[in-house]
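Chain and residue survey
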Amino acid sequence: MDILKSYINGEFVDSGEYFDNINPVNGEVIAGIAEADEAMINHAISSARKALYGPWSQLSVNERSALLHKVADRMAEREQEFIDAEIADTGKSLFQVKTIDIPRGTANFRFFADQVKYQGGESFVTETANGEKALNYSVNKPLGVVAVISPWNLPLLLATWKIAPALACGNCVILKPSEETSSTAVLLAQVMDEVGMPKGVFNLILGRGKAVGDKLTSAPGIDAVTFTGASATGKQIMKSVAETVKPISFELGGKNAAIVFAHADIAKAIAGITRSSFTNCGQVCLCTEKVYVHRSLFTPFLEGLKQAAENIKIGYPLEQDVFMGPLVSRLHQQKVLAYYQLAREEGAEVVTGGGVPVFNDERDNGCFIQPTILTGLEDEARVNQEEIFGPVCHVSIFDDEAEVINRVNNTPYGLAASIWTEHLTQAHRVAAQIEVGLVWVNTWFLRDLRAPFGGVKLSGIGREGGEHSLAFYSEPSNICIKI
Ligand SMILES: NC(=O)c1ccc[n+]([C@@H]2O[C@H](COP(=O)([O-])OP(=O)(O)OC[C@H]3O[C@@H](n4cnc5c(N)ncnc54)[C@H](O)[C@@H]3O)[C@@H](O)[C@H]2O)c1
Ligand SMILES: O=C/C=C/C=C(\O)C(=O)O
């Protein structure tokens, strides 16, 4: 059986302690993952710290940029291996992996390889009251060694969304991917090795969150932590980094709403909210879990969404026209099914779904689940307040704009929202009042990598994207010269 290994100081390292890598399509073990031990974690940190002052630090911005383009080139050459690995770990449809996960993995490197070349500084000619003059200017330095801790839902996309700018800004990186999805991270380490990334600049530590992640975030040799994952985990990491006062960038959970106004194009809204609720089996932090529909459209919208959900093809990743694969793990399937049960206990009407599909083949040993639409619950219900992170949304009626804005903002999360209306002024007016980091109007998950990306409240700390990423992964230093 294949063994997935950590990559430290330019070497793939086995630890001798393994846990299973499971295929969520049929529950079969597909590989063993060698979990890094404390010595390996410390070796990764010392190697990264040493690499900070080695040849890597002598590279110009253009040379670093060229090397990151080589990473993207090699990823593109090995695209099929990345596709196969991501599908094996997650069971996602080939369509999604080929159109979202893998292309964005490469695009993230290309984008920041170019973006970093435009990173500027500031300068001021200073004149003091007593007639002295000085030139103040800033230079951008790397943070140092950055721990990248990434989740299982968009494994390559979300790891490279952090790794690319961190390397572009001259940092060294230690990646700790989710224990559920280590395969594309191992391929990325192979690519780093193949393109000649200096030893210790990129390191990969495999293992479980509490066991391995915690050791990384609390280590004095780590200068910053960039984390994508659950809000509860973010709280743990905040405690872990407090002792060494590290800068953190957090992309956390969400409980995202979609608002369908009376002026919406209902067909566009149904299609868009089908995507935003059920893409990646609902396992995207930006997915919709709460839909608010103006009373005038409620019945036709709910019927249309029900039809669309029931037309979703669920199945094998490589099957023609499959839109939804399984959830990532048995544990996560049980968590989402528990919320389906809770919804019933809270008094919800299950419009469609609410259970698991039956295939009468090996897939019944997988982690599949039905896309589910609920209605009839109050906003305060747990199902409407807690992130479920599965293919489920609750649909409610609203009557006026002020009411729905208040209801949408009534959540401890603040990541994303979508607004469906052909009334332009209403779109601008409402979008500005929703307490989130990201609002889409008449679309969803359409991304410009230059734009600020991140959430407020329990959904995150900081913004990444474009210059925001460069700002987080750099330390500006001000130099004042008397003239
Ligand atoms: N805001 C975003 O951009 C975004 C993107 C993807 C996922 N998420 C959120 O992530 C969650 C699902 O992903 P998940 O289950 O992988 O999240 P998770 O928080 O369980 O794990 C994320 C990563 O953190 C590691 N980890 C777990 N405990 C840790 C600890 N104590 N110290 C250090 N590392 C630790 C895990 O091993 C994994 O690599 C959902 O809540 C989702 O909303 C947010
Ligand atoms: O699951 C969360 C998705 C996050 C997406 C991004 O960070 C991105 O598109 O850059």
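Reading guide: rules and limits
- Residues numbered from 1 in each chain as written.
- Chains lettered and ligands numbered in written order.
- Predicted model: local features only at pLDDT ≥ 70, side-chain atom pairs only at ≥ 80, totals over all residues.
- Heavy atoms only, no water.
- Near = heavy atom within 4 Å.
- Polar contact = N/O pair within 3.5 Å; in protein donor to acceptor, adjacent residues only side chain to side chain.
- Areas by Shrake-Rupley, 256 points an atom, 1.4 Å probe, with all protein chains shown as cover.
- Helix = DSSP H or I, 4+ residues; strand = E, 2+ residues; numbered from the N terminus.
- Core = buried A, V, L, I, M, F, W, Y, C linked by side-chain atoms within 4.5 Å.
- Buried < 20%, exposed > 50% of the residue type's maximum accessible area, 1.4 Å probe, protein only.
- Contact = heavy atoms within 4.5 Å.
- Pairing = 2+ DSSP bridges.
- Axes fitted to C-alpha atoms, helices over the stretch in contact; angles between N-to-C directions.
- pLDDT = per-residue confidence, 0-100.
- Parallel < 35°, antiparallel > 145°, perpendicular 65-115°, else oblique.
- Nonpolar A, V, L, I, M, F, W, Y, C, P; charged D, E, K, R; others polar.

Let's talk about the site of ligand 2
Every residue near ligand 2 is listed here: Arg104, Asn153, Leu154, Leu157, Leu158, Trp161, Val284, Cys285, Phe445, Arg447 and Phe453. Cys285 is positioned with one of its backbone polar atoms (N or O) 2.8 Å from an oxygen atom of ligand 2. In this structure, an oxygen atom belonging to ligand 2 sits 2.7 Å away from a side-chain N or O atom of Arg447. Burial of ligand 2 by the protein chains amounts to 98% of its free accessible area of 310 Å². A total of 3 residues in the shell around ligand 2 trace back to one element, the largest contributor, which is helix α6 (residues 155–168).

Considering the nonpolar core
Grouped together as the largest cluster of nonpolar side chains are 98 residues, with contacts concentrated most on Phe109, Ile163, Leu167, Met197, Phe202 and Leu286. Of the residues forming this core, the biggest block, 10 residues, is contributed by α6. When sequence neighbours within four positions are dropped, the list of residues in contact with Leu167 reads Trp56, Arg64, Leu68, Phe109, Val173, Met192, Met197 and Val201. Core analysis: the second largest hydrophobic core is formed by 42 residues, Ala269, Ala348, Ala381 and Val383 among them.

Some words on the side chain of Asp379
With respect to the secondary-structure elements, Asp379 resides in the loop between β16 (372–375) and α13 (382–385). Sequence-distant contacts of Asp379, defined by excluding residues within four places in its chain, comprise Tyr292, Asn384, Gln385, Ser396, Arg407 and Asn410.

Some remarks on the sheet that holds strand β15 (residues 349–352)
Taken together, 7 strands build an open sheet; the order of strands is β15-β16-β17-β14-β13-β19-β20 and the sheet is mixed. Edge positions in the sheet fall to β15 and β20 (438–441), since each has one partner strand and no second. Taking the axes of each pair of neighbouring strands and ignoring which way they run, one obtains an average angle of 25 degrees across the sheet. With 4 bridges connecting them, strand β19 (residues 416–420) and β20 associate as parallel partners. The partner of Ser418 across the bridge, within β20, is Trp440.

Here we look at the confidence of the model for the chain
Parts of the prediction with low pLDDT should not have their coordinates interpreted in detail. With 100% of its residues at a pLDDT of at least 70, the chain reaches an overall mean of 97. The ipTM for the predicted assembly is 0.95, set against a pTM of 0.97.

Remarks on the site of ligand 1
By nearness alone, 28 residues border ligand 1, and Trp152, Lys176, Glu179, Leu252 and Glu387 come closest of all. Within the backbone of Gly209, one N or O atom sits 3.3 Å away from an oxygen atom of ligand 1. Isolated, ligand 1 exposes 840 Å² of accessible area, and the fraction of that covered by the protein chains is 91%. Within the residue set of the shell around ligand 1, elements represented by two or more residues are α8 (209–218), β11 (224–228) and α9 (231–242). The element best represented in the shell around ligand 1 is α8, accounting for 4 residues.

Overview of the pairing of strand β13 (residues 256–260)
Both faces of the sheet carry side chains from a regular strand, because those side chains alternate between them. Most of β13 sits out of view: 5 of its 5 residues are buried. Here β13 shows two buried faces, one formed by Asn256, Ala258 and Val260 and the other by Ala257 and Ile259. As judged from the 5 bridges shared by β13 and strand β14 (residues 288–294), these two strands associate in the parallel manner. Across the sheet, Ile259 pairs through a bridge with Tyr292, a residue of β14. The pairing of β13 with β19 spans 4 bridges and is parallel. Across the sheet, residue Val260 finds its bridge partner in β19, namely Trp420.

Re the packing of helix α5 (residues 94–115) against α6
Axis separation between α5 and α6 bottoms out at 8 Å; the angle between their running directions is 5 degrees. Our classification of the angle between α5 and α6 gives roughly parallel. Contact with α5, carried on its side by Ile100, Asp101, Ile102, Arg104, Gly105, Asn108, Phe109 and Phe112, involves Pro155, Leu156, Leu157, Thr160, Trp161, Ile163, Ala164, Pro165, Leu167 and Ala168 of α6 and no other residues of that element. Taken together, the residues of the contact of α5 with α6 sort by class into 13 nonpolar, 3 polar and 2 charged.

Brief notes about unusual backbone geometry
Non-glycine residue Asn9 carries a positive phi angle of around 55 degrees. Considering the arrangement of structural elements, one finds Asn9 in the loop between β2 (6–8) and β3 (11–13). Look at Asn9 and you get partly exposed, because its relative accessible area is 25%. Although it is not a glycine, Phe389 sits at a positive phi angle of roughly 65 degrees. For Phe389, the position within the fold is in the loop between α13 and β17 (392–398).

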